[in-house]
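# Survey of secondary and tertiary structure
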Amino acid sequence: MADFNELIETLSTRSKMAERQALTEEATKTAVVLPFIQALGFDVFNLEEVVPEFVADVGLKKGEKVDFAIKIDGKIVMLVEAKSIGTKLGDAQFSQLFRYFHVTEARLAILTNGREAWFFSDTDKQNLMDQKPFFTFDLQQHDKRQVQELSRFQKGSFAIDSIIEAASNLKYTQKAAAFLKQQLDTPDEDFARFVGRQIYDGSITKAVLEQITPAIQAALDEIIRDRIQDKLSITLRGDAAPAQPKPEPDVDAEAAAAGDADIETTNEEVEGFMIVRAIAARIAGIDRIVMRDAKSYCAILMDDNNRKPICRLYFNSATTKNLGLFDGEKNETKVRVEGPTDIYKYADKIEEVIKAYLEH
(Lines give C-alpha, C1' and ligand atoms only; values in the text may rest on other atoms or scores of the structure.)
Protein backbone atom coordinates (compact mmCIF):
# COMPACT_ATOMS: atom_id res chain seq x y z
CA MET A 1 0.00 0.00 0.00
CA ALA A 2 2.94 2.33 0.72
CA ASP A 3 4.08 2.04 -2.90
CA PHE A 4 0.57 2.82 -4.13
CA ASN A 5 0.43 5.92 -1.93
CA GLU A 6 3.69 7.11 -3.48
CA LEU A 7 2.33 6.52 -6.99
CA ILE A 8 -0.75 8.60 -6.19
CA GLU A 9 1.35 11.42 -4.78
CA THR A 10 3.41 11.41 -7.98
CA LEU A 11 0.16 11.56 -9.96
CA SER A 12 -0.97 14.48 -7.82
CA THR A 13 2.15 16.40 -8.85
CA ARG A 14 1.56 15.47 -12.50
CA SER A 15 -2.03 16.67 -12.30
CA LYS A 16 -1.02 20.04 -10.86
CA MET A 17 1.58 20.51 -13.60
CA ALA A 18 -0.90 19.47 -16.28
CA GLU A 19 -3.41 22.02 -15.01
CA ARG A 20 -0.88 24.71 -15.88
CA GLN A 21 0.48 23.23 -19.12
CA ALA A 22 -1.83 20.62 -20.69
CA LEU A 23 -4.14 22.55 -23.02
CA THR A 24 -5.65 19.64 -24.95
CA GLU A 25 -7.29 16.30 -24.29
CA GLU A 26 -4.35 14.43 -25.81
CA ALA A 27 -1.90 16.26 -23.57
CA THR A 28 -4.02 15.38 -20.54
CA LYS A 29 -4.07 11.72 -21.56
CA THR A 30 -0.30 11.62 -21.91
CA ALA A 31 0.51 13.62 -18.79
CA VAL A 32 -2.02 12.16 -16.33
CA VAL A 33 -4.55 9.62 -17.61
CA LEU A 34 -2.11 7.00 -18.92
CA PRO A 35 0.06 7.26 -15.76
CA PHE A 36 -3.16 6.93 -13.72
CA ILE A 37 -4.08 3.69 -15.51
CA GLN A 38 -0.50 2.51 -15.05
CA ALA A 39 -0.65 3.29 -11.31
CA LEU A 40 -3.61 0.91 -11.10
CA GLY A 41 -1.27 -1.84 -12.30
CA PHE A 42 -2.20 -2.08 -15.99
CA ASP A 43 0.42 -2.18 -18.75
CA VAL A 44 -0.47 0.77 -20.96
CA PHE A 45 1.82 -0.58 -23.71
CA ASN A 46 0.11 -3.97 -23.84
CA LEU A 47 -2.93 -4.05 -26.13
CA GLU A 48 -4.19 -7.13 -24.31
CA GLU A 49 -4.63 -4.96 -21.21
CA VAL A 50 -5.17 -1.39 -22.40
CA VAL A 51 -6.89 -0.76 -25.74
CA PRO A 52 -6.83 2.89 -26.87
CA GLU A 53 -9.58 4.26 -29.12
CA PHE A 54 -11.74 1.20 -28.51
CA VAL A 55 -14.58 1.03 -31.07
CA ALA A 56 -17.98 0.86 -29.37
CA ASP A 57 -20.70 0.95 -32.03
CA VAL A 58 -23.92 2.33 -30.58
CA GLY A 59 -27.08 1.52 -32.59
CA LEU A 60 -26.95 3.37 -35.86
CA LYS A 61 -23.84 5.26 -34.75
CA LYS A 62 -20.90 3.30 -36.11
CA GLY A 63 -17.26 3.85 -35.29
CA GLU A 64 -17.85 5.57 -31.94
CA LYS A 65 -14.77 5.21 -29.78
CA VAL A 66 -14.09 5.21 -26.08
CA ASP A 67 -10.62 6.48 -25.13
CA PHE A 68 -9.47 3.32 -23.32
CA ALA A 69 -10.87 -0.15 -22.70
CA ILE A 70 -9.18 -1.96 -19.80
CA LYS A 71 -8.99 -5.76 -20.00
CA ILE A 72 -8.22 -8.57 -17.59
CA ASP A 73 -7.88 -12.08 -19.00
CA GLY A 74 -9.21 -10.91 -22.34
CA LYS A 75 -12.44 -9.43 -20.90
CA ILE A 76 -13.24 -5.74 -20.78
CA VAL A 77 -13.59 -4.75 -17.12
CA MET A 78 -13.43 -0.95 -17.32
CA LEU A 79 -13.97 1.85 -19.79
CA VAL A 80 -12.07 5.12 -19.43
CA GLU A 81 -13.22 8.32 -21.09
CA ALA A 82 -10.79 11.23 -20.82
CA LYS A 83 -11.35 14.96 -21.24
CA SER A 84 -8.91 17.85 -21.15
CA ILE A 85 -7.96 19.00 -17.68
CA GLY A 86 -9.74 22.30 -18.16
CA THR A 87 -13.06 20.55 -18.85
CA LYS A 88 -15.72 20.49 -16.14
CA LEU A 89 -17.10 16.97 -15.91
CA GLY A 90 -20.85 16.93 -16.39
CA ASP A 91 -23.93 15.76 -18.23
CA ALA A 92 -22.54 15.86 -21.79
CA GLN A 93 -19.59 13.64 -20.96
CA PHE A 94 -21.82 11.39 -18.86
CA SER A 95 -24.20 10.83 -21.79
CA GLN A 96 -21.33 9.82 -24.06
CA LEU A 97 -19.96 7.31 -21.55
CA PHE A 98 -23.48 6.02 -20.86
CA ARG A 99 -23.81 5.02 -24.53
CA TYR A 100 -20.46 3.23 -24.56
CA PHE A 101 -21.21 1.38 -21.34
CA HIS A 102 -24.43 -0.10 -22.69
CA VAL A 103 -22.79 -1.93 -25.62
CA THR A 104 -19.82 -3.51 -23.81
CA GLU A 105 -19.43 -6.15 -21.12
CA ALA A 106 -17.75 -3.70 -18.75
CA ARG A 107 -19.42 -3.06 -15.40
CA LEU A 108 -17.16 -0.16 -14.45
CA ALA A 109 -16.51 3.14 -16.19
CA ILE A 110 -14.23 6.05 -15.34
CA LEU A 111 -14.78 9.62 -16.52
CA THR A 112 -11.74 11.80 -15.86
CA ASN A 113 -10.28 15.17 -16.75
CA GLY A 114 -6.89 14.50 -15.19
CA ARG A 115 -7.91 16.24 -11.98
CA GLU A 116 -11.03 14.31 -10.98
CA ALA A 117 -11.92 10.69 -11.67
CA TRP A 118 -15.60 9.72 -11.48
CA PHE A 119 -16.33 6.00 -11.09
CA PHE A 120 -19.61 4.59 -12.41
CA SER A 121 -21.20 1.15 -12.30
CA ASP A 122 -24.61 -0.46 -12.88
CA THR A 123 -25.87 -0.86 -9.32
CA ASP A 124 -29.41 0.24 -10.19
CA LYS A 125 -29.93 -1.90 -13.30
CA GLN A 126 -27.43 -4.33 -14.75
CA ASN A 127 -25.70 -3.24 -17.97
CA LEU A 128 -27.20 0.24 -17.65
CA MET A 129 -24.79 2.77 -16.21
CA ASP A 130 -25.96 4.64 -13.12
CA GLN A 131 -26.57 8.34 -13.56
CA LYS A 132 -24.35 9.29 -10.62
CA PRO A 133 -20.82 8.11 -9.79
CA PHE A 134 -20.53 5.88 -6.75
CA PHE A 135 -17.03 7.17 -6.04
CA THR A 136 -15.10 10.29 -7.00
CA PHE A 137 -11.38 10.82 -6.54
CA ASP A 138 -9.56 14.14 -6.74
CA LEU A 139 -5.93 13.60 -7.70
CA GLN A 140 -4.93 16.90 -6.14
CA GLN A 141 -7.00 16.81 -2.95
CA HIS A 142 -7.54 13.45 -1.24
CA ASP A 143 -7.05 11.67 2.06
CA LYS A 144 -5.80 8.23 3.09
CA ARG A 145 -9.29 6.75 3.21
CA GLN A 146 -9.95 7.80 -0.38
CA VAL A 147 -6.61 6.37 -1.53
CA GLN A 148 -7.52 3.13 0.23
CA GLU A 149 -10.83 3.08 -1.68
CA LEU A 150 -9.02 3.77 -4.95
CA SER A 151 -6.72 0.81 -4.33
CA ARG A 152 -9.71 -1.53 -4.91
CA PHE A 153 -9.32 -0.87 -8.64
CA GLN A 154 -5.74 -2.11 -8.89
CA LYS A 155 -5.25 -5.01 -11.28
CA GLY A 156 -3.57 -7.17 -8.63
CA SER A 157 -6.58 -7.04 -6.29
CA PHE A 158 -9.34 -6.46 -8.83
CA ALA A 159 -12.52 -8.36 -7.88
CA ILE A 160 -15.57 -7.15 -9.74
CA ASP A 161 -18.15 -8.67 -7.35
CA SER A 162 -16.65 -7.02 -4.26
CA ILE A 163 -16.24 -3.73 -6.15
CA ILE A 164 -19.91 -3.74 -7.19
CA GLU A 165 -20.97 -4.61 -3.64
CA ALA A 166 -18.82 -1.77 -2.29
CA ALA A 167 -20.23 0.56 -4.96
CA SER A 168 -23.76 -0.24 -3.85
CA ASN A 169 -22.87 0.28 -0.20
CA LEU A 170 -21.13 3.56 -0.95
CA LYS A 171 -24.12 4.81 -2.91
CA TYR A 172 -26.56 4.17 -0.07
CA THR A 173 -24.14 5.40 2.57
CA GLN A 174 -23.71 8.68 0.70
CA LYS A 175 -27.48 9.09 0.32
CA ALA A 176 -28.05 8.32 3.99
CA ALA A 177 -25.29 10.72 5.03
CA ALA A 178 -26.76 13.50 2.85
CA PHE A 179 -30.22 12.94 4.36
CA LEU A 180 -28.93 12.93 7.95
CA LYS A 181 -26.82 16.03 7.34
CA GLN A 182 -29.92 17.78 6.04
CA GLN A 183 -31.81 16.80 9.20
CA LEU A 184 -28.94 18.03 11.35
CA ASP A 185 -29.05 21.42 9.67
CA THR A 186 -32.84 21.74 9.33
CA PRO A 187 -35.07 18.84 10.39
CA ASP A 188 -37.97 18.52 7.95
CA GLU A 189 -41.55 18.00 9.07
CA ASP A 190 -41.73 14.27 8.28
CA PHE A 191 -38.54 13.57 10.22
CA ALA A 192 -39.67 15.73 13.16
CA ARG A 193 -43.04 13.95 13.24
CA PHE A 194 -41.33 10.55 13.19
CA VAL A 195 -39.15 11.46 16.18
CA GLY A 196 -42.03 13.26 17.84
CA ARG A 197 -44.15 10.11 17.89
CA GLN A 198 -41.40 8.41 19.90
CA ILE A 199 -41.13 11.15 22.53
CA TYR A 200 -44.53 12.83 22.76
CA ASP A 201 -47.77 11.34 24.05
CA GLY A 202 -50.64 12.73 22.03
CA SER A 203 -51.32 14.15 18.60
CA ILE A 204 -48.45 15.87 16.83
CA THR A 205 -50.17 19.16 16.03
CA LYS A 206 -48.52 22.07 14.30
CA ALA A 207 -47.99 23.79 17.65
CA VAL A 208 -46.38 20.65 19.11
CA LEU A 209 -44.20 20.31 16.01
CA GLU A 210 -42.96 23.87 16.39
CA GLN A 211 -42.14 23.13 20.01
CA ILE A 212 -40.28 19.86 19.56
CA THR A 213 -38.35 20.58 16.32
CA PRO A 214 -35.70 22.81 18.00
CA ALA A 215 -35.36 20.18 20.75
CA ILE A 216 -34.81 17.45 18.14
CA GLN A 217 -32.14 19.53 16.41
CA ALA A 218 -30.43 20.26 19.74
CA ALA A 219 -30.53 16.55 20.61
CA LEU A 220 -28.90 15.63 17.29
CA ASP A 221 -26.15 18.18 17.90
CA GLU A 222 -25.62 16.81 21.41
CA ILE A 223 -25.38 13.22 20.18
CA ILE A 224 -22.70 14.17 17.66
CA ARG A 225 -20.74 16.18 20.24
CA ASP A 226 -20.90 13.26 22.68
CA ARG A 227 -19.73 10.75 20.08
CA ILE A 228 -16.85 13.00 19.06
CA GLN A 229 -15.94 13.59 22.70
CA ASP A 230 -16.00 9.84 23.40
CA LYS A 231 -13.64 9.17 20.51
CA LEU A 232 -11.51 12.09 21.59
CA SER A 233 -11.25 10.78 25.16
CA ILE A 234 -10.23 7.34 23.94
CA THR A 235 -7.58 8.89 21.72
CA LEU A 236 -6.22 11.09 24.48
CA ARG A 237 -6.07 8.19 26.93
CA GLY A 238 -4.21 6.08 24.38
CA ASP A 239 -1.78 8.80 23.33
CA ALA A 240 -0.03 9.85 26.50
CA ALA A 241 2.77 11.47 24.53
CA PRO A 242 1.55 12.38 21.05
CA ALA A 243 4.29 12.73 18.48
CA GLN A 244 4.85 16.23 17.21
CA PRO A 245 4.44 16.66 13.46
CA LYS A 246 7.61 17.06 11.47
CA PRO A 247 7.66 20.66 10.17
CA GLU A 248 8.30 21.63 6.58
CA PRO A 249 11.03 24.13 5.75
CA ASP A 250 8.52 27.03 5.86
CA VAL A 251 7.92 26.70 9.63
CA ASP A 252 6.05 29.35 11.56
CA ALA A 253 8.38 32.31 12.05
CA GLU A 254 7.72 32.62 15.77
CA ALA A 255 8.29 28.95 16.46
CA ALA A 256 11.54 29.05 14.50
CA ALA A 257 12.76 32.14 16.32
CA ALA A 258 11.88 30.88 19.79
CA GLY A 259 13.38 27.42 19.37
CA ASP A 260 11.85 24.15 20.54
CA ALA A 261 13.44 24.38 23.99
CA ASP A 262 11.06 27.18 25.15
CA ILE A 263 7.91 25.53 23.79
CA GLU A 264 5.77 23.24 25.95
CA THR A 265 2.67 21.67 24.43
CA THR A 266 -0.01 21.45 27.12
CA ASN A 267 -2.74 18.85 27.51
CA GLU A 268 -5.35 21.52 26.73
CA GLU A 269 -3.59 22.34 23.46
CA VAL A 270 -3.53 18.66 22.53
CA GLU A 271 -7.22 18.35 23.39
CA GLY A 272 -8.02 21.47 21.37
CA PHE A 273 -6.08 20.09 18.41
CA MET A 274 -7.99 16.80 18.58
CA ILE A 275 -11.32 18.67 18.72
CA VAL A 276 -10.40 20.66 15.60
CA ARG A 277 -9.47 17.39 13.88
CA ALA A 278 -12.83 15.91 14.89
CA ILE A 279 -14.66 18.91 13.43
CA ALA A 280 -12.58 18.77 10.24
CA ALA A 281 -13.21 15.04 9.80
CA ARG A 282 -16.64 15.79 8.32
CA ILE A 283 -15.11 17.39 5.22
CA ALA A 284 -11.39 16.52 5.06
CA GLY A 285 -8.91 13.81 6.02
CA ILE A 286 -7.77 14.33 9.60
CA ASP A 287 -4.18 13.55 8.59
CA ARG A 288 -4.25 16.90 6.74
CA ILE A 289 -4.90 18.80 10.00
CA VAL A 290 -1.57 19.45 11.72
CA MET A 291 -0.47 21.20 14.90
CA ARG A 292 2.58 23.47 15.24
CA ASP A 293 3.17 24.83 18.70
CA ALA A 294 4.82 28.21 19.23
CA LYS A 295 5.76 30.16 22.34
CA SER A 296 2.66 32.36 22.55
CA TYR A 297 0.11 30.24 20.70
CA CYS A 298 -0.48 26.81 19.18
CA ALA A 299 -1.17 26.95 15.42
CA ILE A 300 -3.45 24.43 13.72
CA LEU A 301 -2.81 24.28 9.98
CA MET A 302 -4.06 22.61 6.84
CA ASP A 303 -1.50 20.37 5.09
CA ASP A 304 1.22 21.43 7.56
CA ASN A 305 1.39 24.73 5.67
CA ASN A 306 1.59 28.02 7.59
CA ARG A 307 -0.09 29.71 4.62
CA LYS A 308 -3.22 27.65 5.43
CA PRO A 309 -4.03 28.56 9.04
CA ILE A 310 -7.24 27.05 10.43
CA CYS A 311 -7.11 28.49 13.95
CA ARG A 312 -4.77 29.33 16.81
CA LEU A 313 -5.04 28.26 20.44
CA TYR A 314 -4.01 30.96 22.92
CA PHE A 315 -4.14 28.68 25.95
CA ASN A 316 -0.88 29.58 27.71
CA SER A 317 -2.33 32.19 30.08
CA ALA A 318 -3.43 30.98 33.51
CA THR A 319 -6.39 33.40 33.57
CA THR A 320 -7.68 33.83 30.01
CA LYS A 321 -7.95 31.63 26.95
CA ASN A 322 -8.63 32.73 23.40
CA LEU A 323 -9.31 31.00 20.12
CA GLY A 324 -7.99 32.65 16.96
CA LEU A 325 -10.33 32.03 14.01
CA PHE A 326 -9.46 32.68 10.37
CA ASP A 327 -11.61 33.48 7.36
CA GLY A 328 -10.93 32.60 3.72
CA GLU A 329 -8.70 35.68 3.40
CA LYS A 330 -6.58 34.54 6.39
CA ASN A 331 -7.83 37.40 8.62
CA GLU A 332 -7.71 36.40 12.28
CA THR A 333 -10.40 37.13 14.86
CA LYS A 334 -9.89 36.23 18.52
CA VAL A 335 -12.76 34.98 20.68
CA ARG A 336 -12.74 34.27 24.41
CA VAL A 337 -13.20 30.61 25.41
CA GLU A 338 -13.39 28.86 28.77
CA GLY A 339 -11.58 25.75 27.57
CA PRO A 340 -11.00 23.38 24.63
CA THR A 341 -14.61 22.12 24.47
CA ASP A 342 -15.80 25.67 23.62
CA ILE A 343 -14.15 25.13 20.22
CA TYR A 344 -17.24 23.12 19.24
CA LYS A 345 -19.24 26.40 19.33
CA TYR A 346 -17.19 27.64 16.38
CA ALA A 347 -17.33 24.45 14.29
CA ASP A 348 -19.04 26.27 11.42
CA LYS A 349 -16.23 28.86 11.22
CA ILE A 350 -13.59 26.12 11.26
CA GLU A 351 -15.39 24.20 8.52
CA GLU A 352 -15.71 27.36 6.39
CA VAL A 353 -11.98 28.06 6.32
CA ILE A 354 -11.16 24.40 5.60
CA LYS A 355 -13.65 24.41 2.72
CA ALA A 356 -11.98 27.55 1.35
CA TYR A 357 -8.62 25.75 1.27
CA LEU A 358 -10.17 22.65 -0.32
CA GLU A 359 -11.61 24.77 -3.14
CA HIS A 360 -8.25 26.33 -4.04
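Here, every reference points to the structure presented above.
Within any chain, residue numbers begin from 1 and follow the written order of that chain's sequence. Given that this is a predicted model, residues contribute local features only at a pLDDT of at least 70 and side-chain atom pairs are listed and counted only at 80 or more, while totals for whole chains, interfaces and linings are drawn from all residues. To obtain the side-chain values, all non-hydrogen atoms of the structure were included, while hydrogens and water were left out.

### Considering the packing of aromatic side chains
Note the cut-off: Aromatic pairs are defined between Phe, Tyr and Trp rings, using the six-membered ring for Trp, whenever the two ring centres lie within 6.5 Å; interplanar angles under 30 degrees are classed as stacked, those over 60 as edge-to-face, and all others as tilted. Every helix listed is a DSSP run of H or I at least four residues long, and every strand listed is a run of E at least two residues long, numbered separately from the N terminus. For the exposure calls, accessible area comes from a 1.4 Å probe over protein chains only, and a residue counts as buried if that area is under 20% of its type's maximum, exposed if over 50%, partly exposed in between. Either the NZ atom of lysine or the CZ atom of arginine qualifies as a charge over a ring when it sits within 6 Å of the ring centre and within 35 degrees of the ring normal.
In this structure the tally under the stated criterion is seven aromatic pairs. Between the aromatic rings of F134 and F153, the centroid separation amounts to 6.3 Å while the plane-to-plane angle is 35 degrees, which identifies the pairing as tilted. With F134 in the loop between strand 5 (116-120) and strand 6 (135-138) and F153 in the loop between helix 4 (144-150) and helix 5 (160-185), this pair connects stretches of sequence that are 19 residues apart. The class of F134 is buried, set by a relative accessible area of 4%. For F153, a relative accessible area of 1% corresponds to the buried category. Their ring planes at 55 degrees and their centres at 5.6 Å tell us that Y297 and Y314 sit as a pair that is tilted. With a gap of 17 residues between them, Y297 in the loop between strand 7 (289-293) and strand 8 (298-302) and Y314 in strand 9 (residues 305-314) connect regions that are remote in the sequence. Taken individually, Y297 and Y314 each receive the classification buried, so the pair is uniform in this respect. Through a chain of ring-to-ring contacts, the aromatic side chains of F119, F134, F135, F137 and F153 assemble into a single cluster. Across the ring face of Y314, the terminal group of K334 is positioned such that the distance to the ring centre comes to 4.0 Å.

### Comments concerning the environment of K206
Its location among the elements puts K206 in helix 7 (residues 206-238). Separated by 13 residues in the primary sequence, K206 and R193 place their C-alpha atoms 9.8 Å from one another.

### Quick look at the side chain of D293
Rules: Positive charge is attributed to Lys and Arg, negative charge to Asp and Glu, and no charge count is given to His or to the chain ends. When a carboxyl oxygen of Asp or Glu lies within 4 Å of a side-chain nitrogen of Lys or Arg, that pair is called a salt bridge. The definition of a polar contact used here is a pair of N or O atoms within 3.5 Å, where within protein one atom must be able to donate a hydrogen and the other to accept one, and adjacent residues in sequence count solely through side-chain atom pairs.
Counting through the fold element by element, D293 comes out in strand 7. Buried and unpaired, D293 has R312 as its nearest opposite-charge partner, separated by 10 Å. Of the polar contacts made by the side chain of D293, one reaches the side chain of T265; its length is 2.8 Å.

### A few points about the pattern of salt bridges
Scanning all chains against the criterion turns up 17 salt bridges. The salt bridge partner of E25 is K29, with a shortest N-O separation of 3.5 Å. In this pair, E25 and K29 both sit in helix 2 (residues 25-39), four residues apart, roughly one turn of the helix. Salt-bridge contacts for D303 lead to K308; the nearest nitrogen and oxygen are separated by 3.1 Å.

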